[in-house]
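The lines below spell out each chain.
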Amino acid sequence: MTLIQQAARVCVEVRAASGSDFVGVAFSGGKEAVCMLDVCAQHFKHVHACYMYLVPGMHCLEAPLEAYVRRYKNVTLHKLPHFELAHYLKHSVLRPHTDGADDIKDYALKGAADHMRQLTGAEWIGWGWRRGDSFIRRKVLNNLGVVSLSQRIFYPLADWSRADVFSYMRAKRLEVPKQVGAATGDSLVTSGFDVAEAKSLRWVKANYPADYERVLSVFPFAEVMLAREQFYPDTVPEVPARGPRKKRDQTGAIQPPQDGQVGRGENAEEPEKDGAA
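For the structure given in this document, a descriptive report is provided here. No experiment lies behind these values; they were computed from the predicted model shown.

So, helix H7 (residues 162–172)
Along H7, the residues that are buried comprise Val165, Tyr168 and Met169. Looking down the long axis of H7, one finds its buried residues gathered within 100 degrees of arc, a one-sided arrangement. In H7, the exposed positions that point more than 90 degrees away from the buried face belong to Ala163, Arg170 and Ala171. Two residues or fewer past H7, arginine 173 is found with a positive phi of approximately 55 degrees.

Points about the packing of aromatic side chains
Overall, the coordinates contain seven aromatic pairs when judged by the stated rule. For the pair phenylalanine 44 and phenylalanine 154, a centre-to-centre distance of 6.4 Å together with 40 degrees between the ring planes defines the contact as tilted. Here the residue phenylalanine 44 occupies a position in the loop between helix H2 (31–43) and strand E2 (46–53), and phenylalanine 154 occupies one in strand E6 (residues 153–154), the gap between them amounting to 110 residues. Phenylalanine 154 shares its class with phenylalanine 44; the two are buried. Between tryptophan 129 and tyrosine 155 the ring centres are 5.6 Å apart and the planes differ by 35 degrees, which places this aromatic pair in the tilted class. Here tryptophan 129 is found in the loop between strand E4 (125–126) and helix H6 (135–144), whereas its partner tyrosine 155 is found in the loop between E6 and H7, with 26 residues between them in sequence.

A few points about the nonpolar core
One finds Phe27 and Phe219 to be the most contacted residues of the largest nonpolar core, which totals 58 residues. Counting residues per element, this core draws most heavily on H2, at eight residues. Not counting the four nearest positions on each side in its chain, phenylalanine 219 is found in contact with Leu54, Val55, Leu85, Tyr88, Val93, Leu94, Arg95 and Val195. Among the nonpolar cores identified, the runner-up in size contains 21 residues, and Ala26, Tyr107, Ala113 and Ile125 belong to it.

Quick look at the sheet that holds E2
Taken together, six strands build an open sheet; the order of strands is E3-E2-E1-E4-E6-E5 and the sheet is mixed. The open sheet has two edge strands with one neighbour each: strand E3 (75–81) and strand E5 (147–148). Examined bridge by bridge, strand E1 (residues 22–26) and E4 share two bridges and lie parallel to one another. Residue pairing for E4: glycine 24 is matched across the bridge by isoleucine 125. Of the strands in this sheet, E1, E2, E3, E4 and E6 touch H2, which is tilted by about 175 degrees from E1. Across the sheet, helix H5 (residues 109–120) touches E1, E2, E3, E4 and E6, and the angle it forms with E3 is around 130 degrees.

Brief notes about the pairing of E1
The two faces of the sheet receive side chains in turn, since in a regular strand these alternate between them. With respect to burial, E1 is a largely interior element, four of its five residues being buried. Bridging between E1 and E2 involves five bridges; their strand directions are parallel. Its bridge partner being in E2, glycine 24 is matched across the sheet by histidine 48. On the question of chirality, the crossover connecting E1 to the parallel E2 by way of H2 is right-handed.

Observations concerning the state of the cysteines
This model, assessed by the stated rule, comprises zero disulfides. No disulfide involves cysteine 40; its sulfur sits 4.3 Å from that of cysteine 11, the nearest cysteine. Assessed through its relative accessible area of 0%, cysteine 40 is described here as buried.

Overview of the side chain of aspartate 38
Take aspartate 38: it is sitting in helix H2. According to the relative accessible area criterion, aspartate 38 is buried, its value standing at 4%. Reaching out from aspartate 38, the side chain makes a polar contact with the side chain of tyrosine 72 at a distance of 2.7 Å. For aspartate 38, the residues in contact, after removing those within four places along its chain, are Tyr72, Tyr168, Lys172 and Leu174.

What counts and how
- Residues numbered from 1 in each chain as written.
- Predicted model: local features only at pLDDT ≥ 70, side-chain atom pairs only at ≥ 80, totals over all residues.
- Heavy atoms only, no water.
- Buried < 20%, exposed > 50% of the residue type's maximum accessible area, 1.4 Å probe, protein only.
- Helix = DSSP H or I, 4+ residues; strand = E, 2+ residues; numbered from the N terminus.
- Arc of directions from axis to C-beta.
- Phe/Tyr/Trp six-rings, centres within 6.5 Å; stacked < 30°, edge-to-face > 60°.
- Core = buried A, V, L, I, M, F, W, Y, C linked by side-chain atoms within 4.5 Å.
- Contact = heavy atoms within 4.5 Å.
- Pairing = 2+ DSSP bridges.
- Axes fitted to C-alpha atoms, helices over the stretch in contact; angles between N-to-C directions.
- Right-handed = clockwise from strand over helix to strand, strands pointing away.
- Disulfide = S-S within 2.5 Å.
- Polar contact = N/O pair within 3.5 Å; in protein donor to acceptor, adjacent residues only side chain to side chain.

No statement about biological role is implied by the geometric values presented.
Okay, here's the thing in structure tokens:
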């Protein structure tokens, strides 16, 4: 069975399990998301593509997404807040504290999937994760399987390699997502924009000043990241973590977590173990 046939089989399983001919997919605009959208558009009557933003209305990030979606008559693009945005607002990251911020619910991927369901009416949500992305994603996919009946999520590209993704894009004539930061020497794809990273901000400020102003309207202290990079290049900025707080040594470098500790990235990505898949 080819990887394309395997992805198609995953879609068939989801249709059978859901009894529905429409689904939602997390659509970041990255290469895996683009391939997943194309696969799902072929096997479902309608697909709801859900883009999660940190700053709404950023033309440099949203225009490419809208261009991809226009390729399909059966795809609708939805825009909703990224789950990290709740984290940033709650902990006043790069912005002043506001009344009510302490009451904001801090949630991760499972909550994001539930938000997509409420927005679109689709019960099943697809993610473009690959086992080769990271150790954590491999662990999640091994635990859940490519189709999780209990969590109603699926991963059609789970066994694809990076080379497979590019081969599929060439075969289907899908435009490879542009590199955010290419003009300034930063290697960061569109789906990787993060207001807490200087390379993201530097690229937006240099190429899309109107979008940069949008960033500052939500995160008015964001320029601190650029100043810190300029005047203190050897320090690593620290964003409040969900897991155990990162410790630093006397030089300011972050120490690795102790055995049994879970860092913010791992805690954010790993859903509950699914015994049904």
